[in-house]
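Coordinate inspection notes
Below, each chain spelled out in residue letters.
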Amino acid sequence: MTSPEPEIPELVTPRPEPVDDLPAGTVRARTRGTLAALRHLRAEHRREAAGNAAFAAYAVVIGLLVYGGALLPWLRRLSSGQQHATDATQLAAAAPPALVALVLLGMLAVARDALWRGPVTLNVPAASWLLPMPIDRGKLLRPRLRNQLILGVVLGAVFGGAIAVTLVTGGLASTAFWPLLGAGAGSFAAAGLLAVGLGALIERYRTADRITRILSPIAVLVTIALAVQSALGWYGHTATALVRAETWSGPWGWAVQPLLAVTAGPQSTGTGGATGAAIGAASTPAHPGTLDVPGWPVALLLLIALALMATVYATLIAAGMPARTIRRRARSVAGFTVGLTTMNPRAAALEVREARGRPARMLRLPRPHRAELIIPWRDATALIREPSRLAWAVLLTGVGFLLMALSLGSSNLYLSLALLAAGLVAGYLAAAQLTEPARLDADDPRRAGGLPYSFDHLATRHAVVPLVIAGVLAEIGAVVAVVLTGSVVALLVPVVSVPALVAAALVSAYRGPVPAAAMNGPDTPAGNIGMVTVAGWYAAGPLVAIVLLLPPMHLILGRPAGSSAIEYVLWGLLVAAILLWWSVRRAKARAADTHP
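Rules and cut-offs
Residues numbered from 1 in each chain as written. Predicted model: local features only at pLDDT ≥ 70, side-chain atom pairs only at ≥ 80, totals over all residues. Heavy atoms only, no water. Helix = DSSP H or I, 4+ residues; strand = E, 2+ residues; numbered from the N terminus. Buried < 20%, exposed > 50% of the residue type's maximum accessible area, 1.4 Å probe, protein only. Areas by Shrake-Rupley, 256 points an atom, 1.4 Å probe, with all protein chains shown as cover. Salt bridge = Lys/Arg side-chain N within 4 Å of Asp/Glu carboxyl O. pLDDT = per-residue confidence, 0-100. Contact = heavy atoms within 4.5 Å. Axes fitted to C-alpha atoms, helices over the stretch in contact; angles between N-to-C directions. Parallel < 35°, antiparallel > 145°, perpendicular 65-115°, else oblique. Left-handed = near helix turned anticlockwise from the far one by under 90°. Nonpolar A, V, L, I, M, F, W, Y, C, P; charged D, E, K, R; others polar. Phe/Tyr/Trp six-rings, centres within 6.5 Å; stacked < 30°, edge-to-face > 60°. Lys NZ or Arg CZ within 6 Å of the ring centre and 35° of its normal. Patch = residues over 30% accessible without salt bridge, like charges linked within 9 Å, V, L, I, M, F, W, Y side chains within 5 Å. Lys, Arg positive; Asp, Glu negative; His and termini not counted. Charge placed at Lys NZ, Arg CZ, Asp CG, Glu CD. Core = buried A, V, L, I, M, F, W, Y, C linked by side-chain atoms within 4.5 Å. Polar contact = N/O pair within 3.5 Å; in protein donor to acceptor, adjacent residues only side chain to side chain. Expected span 1.5 Å × (residues − 1). Bend = angle between axes of the 7 residues up to and from the residue.

Secondary structure summary: the protein chain contains 25 helices and two strands in total. The burial tally for the protein chain puts 43% of its 596 residues in the buried class. Within the structure as shown, the protein chain displays about 30,500 Å² of accessible surface, and the carbon and sulfur contribution to it stands at 68%.

So, about the pattern of salt bridges. Across all of its chains, the model carries 10 salt bridges by this definition. The partner of arginine 346 in a salt bridge is aspartate 443, with the nearest N and O atoms 2.8 Å apart. Placement of the pair is arginine 346 in helix α15 (residues 345-356) and aspartate 443 in helix α19 (residues 436-443), with a sequence separation of 97 residues. Classification of arginine 346 by relative accessible area gives buried; the value is 16%. Aspartate 443 sits in the partly exposed class, given a relative accessible area of 28%. A salt bridge links glutamate 436 to arginine 353; the shortest N-O distance between them is 2.9 Å. Residue glutamate 436 is located in helix α19, and its partner arginine 353 is located in helix α15; the two are separated by 83 residues in the primary sequence. Assigned by exposure class, glutamate 436 and arginine 353 land together as buried. Beyond isolated ion pairs, a larger network of salt bridges with shared partners links Arg346, Arg353, Glu386, Arg389, Glu436 and Asp443.

Turning to the confidence of the model for the protein chain, a few remarks are in order. Chain-level statistics for the protein chain give a pLDDT mean of 81 and a share of 85% at 70 or above. This stretch, residues 267-286, has a pLDDT under 50; its non-local contacts, to residues over four places away or in other chains, come to 35 contacts.

Another aspect to go through is the environment of valine 256. Inspection of the secondary structure puts valine 256 in the loop between α10 (251-254) and α11 (257-264). Measuring from C-alpha to C-alpha, the distance between valine 256 and alanine 191 comes to 9.8 Å, with 65 residues separating the pair along the chain. Once residues within four sequence positions are removed from consideration, valine 256 is found in contact with Pro96, Leu99, Val100 and Val103.

Before going further, it helps to examine the packing of helix α17 (residues 387-408) against helix α18 (residues 413-434). For the pair α17 and α18, interaxial distance at closest approach is 8 Å and the crossing angle is 165 degrees. By the angle class used here, α17 and α18 are roughly antiparallel. The handedness of the crossing between α17 and α18 is left-handed. Along its contact with α17, which presents Arg389, Leu390, Trp392, Ala393, Leu396, Thr397, Val399, Gly400, Leu403, Met404, Leu406 and Ser407, the element α18 presents Ser416, Leu419, Leu420, Ala422, Gly423, Leu424, Ala426, Leu429, Ala430, Gln433 and Leu434. Residues that form the contact of α17 with α18 fall into these classes: 16 nonpolar, six polar and one charged.

The tally for this structure, following the rule as stated, stands at four aromatic pairs. Taking the centre distance of 5.7 Å and the plane angle of 55 degrees together, the rings of phenylalanine 159 and phenylalanine 188 count as tilted. Pair noted here: phenylalanine 159 is in helix α6 (residues 137-169) and phenylalanine 188 is in helix α7 (residues 177-204), with a separation of 29 residues, a long-range link. When the ring of phenylalanine 177 is compared with that of tryptophan 178, the centres are 4.8 Å apart and the planes differ by 65 degrees; the resulting orientation is edge-to-face. Across the ring face of tryptophan 537, the terminal group of arginine 586 is positioned such that the distance to the ring centre comes to 4.7 Å.

Another point: a positive patch on the surface. Together, Arg206, Arg210, Arg324, Arg328 and Arg331 line one region of the surface with positive charge. Counting only elements with at least two residues in the positive patch, the list comes to α8 (206-234) and α14 (323-341). When residues of the positive patch are assigned to their parent elements, the largest contribution, three residues, is made by α14. Topologically, arginine 328 is positioned in helix α14.

With that out of the way, let us pick up the nonpolar core. By size, the foremost hydrophobic cluster in this structure holds 62 residues, and its most contacted members are Leu122, Leu131, Leu167 and Leu180. Looking at this core element by element, the count peaks at 11 residues for α7. Sequence-distant contacts of leucine 167, defined by excluding residues within four places in its chain, comprise Leu91, Ala95, Leu99, Leu172, Leu180, Leu259 and Thr263. Among the nonpolar cores identified, the runner-up in size contains 46 residues, and Ala393, Phe401, Val496 and Ala545 belong to it.

So, about the packing of helix α22 (residues 492-509) against helix α24 (residues 530-557). Following both chains from N to C, one finds α22 and α24 inclined at 170 degrees, their axes separated by 8 Å at the closest point. Relative to α24, the element α22 is oriented roughly antiparallel. Residue-level inspection shows Leu492, Val493, Val496, Ser497, Ala500, Leu501, Ala504, Val507 and Ser508 of α22 in contact with α24, the latter providing Tyr538, Gly541, Pro542, Ala545, Leu549, Met553, Ile556 and Leu557. Class assignment for the residues of the contact of α22 with α24 results in 14 nonpolar, three polar and no charged.

Our focus in this paragraph is the environment of leucine 131. With respect to the secondary-structure elements, leucine 131 resides in the loop between α5 (124-129) and α6. Given the relative accessible area of 4%, leucine 131 is considered buried. Those residues in contact with leucine 131 that sit more than four places away from it in its chain are Leu122, Ala126, Arg137, Leu140, Leu141, Ala323, Ile326 and Arg327.

Note that serine 508 resides in helix α22. Note on serine 508: relative accessible area 3%, which makes it buried. At 2.7 Å, the side chain of serine 508 and the side chain of tyrosine 428 are in polar contact. Setting aside chain neighbours within four positions, we find serine 508 in contact with Tyr428, Arg439, Tyr538 and Pro542.

Together, Phe55, Tyr58, Val61, Ile62, Leu65, Val66 and Tyr67 give the surface a local cluster of nonpolar side chains, amounting to about 810 Å² of exposed area. Checked against the element boundaries, tyrosine 58 lands in helix α2 (residues 43-67).

Attention shifts here to the side chain of glutamate 246. The residue glutamate 246 is located in helix α9 (residues 240-247) in this model. Within the buried set, glutamate 246 has no salt-bridge partner at all; the shortest N-O distance to an opposite charge, 11 Å, is to arginine 244. If we skip the residues at most four places from it in the chain, glutamate 246 touches Pro97, Val100, Leu226, Gln229 and Gly253.

Since the α-helix packs 3.6 residues into each turn, any two residues three or four apart lie on the same face. Helix length check: helix α4 (residues 88-114) (27 residues) gives 38 Å between terminal C-alpha atoms against 39 Å at 1.5 Å per residue, within 8%. Remark: the principal bend of α4, roughly 45 degrees, maps to alanine 95, with a proline, proline 96, within the next four residues.

Laid out in structure tokens, this is it:
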């Protein structure tokens, strides 16, 4: 009498059979059979996906047919040099370090993505059931890597094309639009391919993972320095030797050289045959301050060669990805997707943070001896243990001041207001980096259960450290702006805007998940506006702050140097007080939701 077979729980991963001990023919046969069974099981899903892709392509074609006609005159004006919006001399001086910073930032983003997701990913069922099976894992993982490599090339080409359009709109290479477009798309496509290939190395090897974590803060600081250098170049302070060294410092500089070669080459008078002359010549720059890069072919060849080497090596090591790593990342991607589909970006961000992991940092400030300093001490300790947030705050503050400076130089009122609003958005994002400790308390109000304060009044105490740090950063940016422009009105920017932006960040910190009623939304003659109410729920704090700060900030930046500004300062403080009261109300509601 035989005993019944034990029941296998549904979620238990099947025990793997060692592939190395099986004959190669057996592994190939099992791989073919498994993949054939998968294709059969996924046939309906593939048909549905193909239908969705066909509908998307149909929508794109219809959109191009309906609205694409308006793009043709615009492209014709671009190619003929009639679409200018800025001073080409200033842009020529500021563009090289800015482009190097953008490429470096893009490669850093791909590398940071590889720390938790990576280019080689599977869904949870495939990672749990297919990886342990005695099949050739390369047949399963290499197609995923190939798709990501193609995506990297496409996104890089699109980004490079957008950069080329921006440069031509600014007046650089105005009669060489198509060569500039080709140079930007080609070189940035190679940079995208290289970034994805390096991402596979980061996912495969722990040493590469550790190196990425160590170098990431340094890369952010370098990006900040390049942004400052670009701003200095805009105002006429250039260092040609330094810029030339940056373009040869690595693939982030190599990718920029073909673009600079087009802008530095002599501008041809006709449209035909301009490619070779525009890219190859390096004699007389088209604009004063344009960087001459005679060695750009060598840089481009180095970039392509390195990208191909990384691609080939990533393809070879794809089959050796650790199964435990792929399963962990599959669960993280699933949690991230759930957070996005349920319109809870905070949950998605926490999933990414947990998946990346952080090395233990024992940095700690001296403990305070006064109860009033407990919350500021906790907040400051949390920020110094995560220096990347401080680095991002510095970078975003610099971007905000740069956008405000650009708004001053624009003669178009609407463009000036748009640039000023974008600068305020950058300031809000910098403040949001500094209010992360408040978000952690809002995620789980029980963390504050042992504190001698009510949860709703913690919001005001969480404002102390962000106000101090954001105020110091903004004042440093204002001093730099005064040195560059000679106008002291920049010193009023932190006083008027920083308190309100920090309070808006606290409003967002305590907002909580979007309510179900907001996702349903009311029905109107134009249809259901659930998406509008959801967007309003998440953007309410910064939207109110920016709308209320935009008029006084515009008046301050355009006011005479000797006029009074006390009313603008009082208005900014009033906006900050309203938003801070709002954050207290949201904190109280958040505590009530957690402890009904």
